[in-house]
Amino acid sequence: MKKQEGNIEPLSGKPVRGRFAPSPTGRMHLGNIFTALMSYLSVRKSGGQWVLRIEDLDPQRSKVEYARQIEDDLHWLGLEWDEGGLDGGGANGPYEQSLRGDIYARYYKELLSQGVTYPCYCRRADILATQAPHQTDGRVVYSGACRPSDEPPFVTPSNVGCRAHSTRLFTPDREVCFEDVVFGLQSANVADVCGDFILRRADGAWAYQLAVVVDDALMGITEVVRGCDLLLSTTQQLYLYDLLGFDVPRFAHLPLICNDAMQRLSKRDRSASMEELRKKYSPEEIYGVLGYAAGLLPERCLCRLDELIEQFDWQKVRKEEKIKIEEA
Ligand code: GLU
């Protein structure tokens, strides 16, 4: 069995190019802010750059009003980005995924030409493909019903254009490993994690897994910070990095911020939404709560952003999958 190694280098002192990549499908909550904050702190501590990318691939759920609100909330918090956003300047734009279709098409064609994809006429997972897995929960391992034969290269049938179909990527029996900055050495078999996964839906929408890899690579991102519910997605993404020949960033997955019932926060937890938080707390209070939750501060206190940058160190970050935040 082939083994693939992602980034297993130790942390270097080089300036980090990080990103925050929210999906504009609702108001941000404390969990989203935690992700943004940790990425921001790592970038600022290293003297690097922070990119804001709007992940509005899902045309049904994404709204520009939500994207504006996310920007407004980041400004209120004092988390200023160097590049990207809705009106974003920068050399690597556009920074809204809905405007990057031509770019995804280029890399999609590259994968088609490698003979590692095939048309799929199954409908169910189509709907899920544009969303990051944690938004849908239940991970679906594809049965391979439409796979033309056991091994690539696949020959695309000549009548492929006639029926609406999604396009799947063949996943091999391959162990993929990488050193996560927080959770340490990770290893998973890419075929077991998800089976052959979707690159493009039947309606033409691009899948999250393809878009996120292409964007992180072309935007020169060197550090990806996100919730640990996406650890397994990293396996899929590393496989894509390998096929497309991109440099691999390092990954830092974070504990999930949970409600009293120890469920990860969702848009339904209204008390943790930015709308409520902005009424009740100052940014310094929020930084105190999150800095303590992360393991950066010895106690919950008021904390300025510059103080938290000073305290930031990946080694201190708690290696727990879930963290409960108590109401003040
Ligand atoms: N848009 C994804 C989300 O909000 C981001 C996933 C990632 O950071 O790769 O969940």
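Parameters at a glance
One numbering rule holds for all chains: residues counted from 1, following each sequence as written. Reporting in this predicted model follows two pLDDT cut-offs: at least 70 for local features of residues, and 80 or more for side-chain atom pairs to be given and counted; totals over whole chains, interfaces and linings ignore these cut-offs and use all residues. The side-chain numbers reported here are obtained from all heavy atoms of the structure, hydrogens and water having been left aside. Only when DSSP finds a minimum of two bridges between them are two strands counted as paired. Runs of H or I in DSSP of at least four residues are treated as helices and runs of E of at least two as strands, each being numbered from the N terminus. Lines fitted to the C-alpha atoms define the axes, with helices restricted to the stretch that makes contact. Angles between their N-to-C directions range from 0 to 180 degrees. When checking whether two residues touch, look at their non-hydrogen atoms; a contact exists if any pair is within 4.5 Å. Any two rings among Phe, Tyr and Trp, with Trp reduced to its six-membered ring, count as a pair given centres within 6.5 Å; such a pair is stacked if its planes are under 30 degrees apart, edge-to-face if over 60, and tilted if neither. Look at NZ for Lys and CZ for Arg. If either is within 6 Å of the ring centre and within 35 degrees of the ring normal, a charge sits over the ring. What makes a salt bridge here is a side-chain nitrogen of Lys or Arg within 4 Å of a carboxyl oxygen of Asp or Glu, nothing more. Three labels apply to residues, based on accessible area from a 1.4 Å probe with only protein chains included: buried if under 20% of the type maximum, exposed if over 50%, partly exposed otherwise in between. A helix is expected to reach a length of 1.5 Å times the quantity of its residues less one. Arc definition: directions from the helix axis to the C-beta atoms. A crossover gets the label right-handed when its path from the first strand over the helix to the second runs clockwise, viewed with the strands pointing away from the viewer. Between N or O atoms, a polar contact is any pair within 3.5 Å; within protein, one atom must be a potential hydrogen donor and the other a potential acceptor, and residues adjacent in sequence are included only when both atoms are from side chains.

## Quick notes on the sheet that holds strand E7 (residues 174-180)
Point 1. Strand order in the open sheet made by the three strands is E1-E7-E8, with mixed pairing throughout. Each having just a single partner strand, strand E1 (2-5) and strand E8 (184-189) make up the two edges of the open sheet. Averaged over neighbouring strand pairs, the angle between their axes works out to 20° when direction is ignored.
Point 2. Here six bridges tie E7 to E8, and the two strands are oriented antiparallel to one another. Each bridged residue has a counterpart across the sheet, and for Glu 179 the counterpart in E8 is Leu 185.
Point 3. Sitting on the sheet, helix H8 (residues 231-244) touches E1, E7 and E8, and the angle it makes with E7 is about 110°.

## Some details on the packing of aromatic side chains
Point 1. A full pass over the atoms with the stated rule returns ten aromatic pairs.
Point 2. Three or more aromatic residues joined by ring pairs form one cluster here, namely Phe 20, Tyr 40 and Trp 50.
Point 3. For the cation-ring pair, Arg 163 lies above Tyr 121, with the distance from its terminal atom to the ring centre recorded as 4.0 Å.
Point 4. A cation over a ring is seen here: Arg 168 above Tyr 142, with NZ or CZ 3.4 Å from the ring centre.

## Let's talk about the pattern of salt bridges
Point 1. Inspection of the entire model under this criterion finds 21 salt bridges.
Point 2. In this structure, the salt-bridge partner of Arg 19 is Asp 216, at a minimum N-O distance of 2.9 Å. Here Arg 19, found in strand E2 (residues 17-20), pairs with Asp 216, found in helix H7 (residues 208-218); they are 197 residues apart in sequence, far enough to count as distant. In this pair, the class of Arg 19 matches that of Asp 216, namely buried.
Point 3. The closest approach of N and O atoms between Arg 100 and Asp 215, which form a salt bridge, is 2.7 Å. Note that Arg 100 is positioned in the loop between strand E4 (83-84) and helix H3 (101-113) and Asp 215 in helix H7, a separation of 115 residues in sequence.
Point 4. Shared partners join several salt bridges into a network, and the residues in it are Arg 19, Arg 53, Glu 55, Arg 100, Asp 215 and Asp 216.

## A short note on helix H2 (residues 64-77)
Point 1. The end-to-end C-alpha distance of H2 is 20 Å, a good match for the 20 Å that 14 residues give at a rise of 1.5 Å each.
Point 2. Along H2, the residues classified as buried are Ala 67, Ile 70, Glu 71, Asp 73, Leu 74 and Leu 77. Across the axial projection of H2, the buried residues extend over an arc of 160°, all falling on one side.
Point 3. Structurally, H2 contributes buried residues whose contacts are with E2, helix H1 (30-46), strand E3 (49-52), helix H9 (274-280), helix H10 (283-294) and helix H11 (305-311).

## Quick look at the pairing of strand E10 (residues 223-227)
Point 1. E10 sits mainly inside the fold: five of its five residues count as buried.
Point 2. Of the strand pairs in this sheet, E10 and strand E11 (residues 250-254) are connected by five bridges, and their pairing is parallel. Within the sheet, the bridge partner assigned to Glu 223 lies in E11 and is Arg 250.
Point 3. Between E10 and its parallel partner E11, the chain crosses via H8, and the hand of that crossover is right-handed.

## Comments concerning the environment of Ser 62
Point 1. Note on placement: Ser 62 falls in the loop between E3 and H2.
Point 2. Given the relative accessible area of 17%, Ser 62 is considered buried.
Point 3. Remark: the alpha-carbon pair of Ser 62 and Ser 98, spanning 36 residues in sequence, is separated by 9.6 Å.
Point 4. Dropping the residues within four chain positions of it, Ser 62 is found in contact with Pro 24, Thr 25, Glu 55, Asp 56 and Leu 57.
Point 5. In terms of polar contacts, Ser 62 uses its side chain to reach the backbone carbonyl oxygen of Asp 58, at 2.9 Å.

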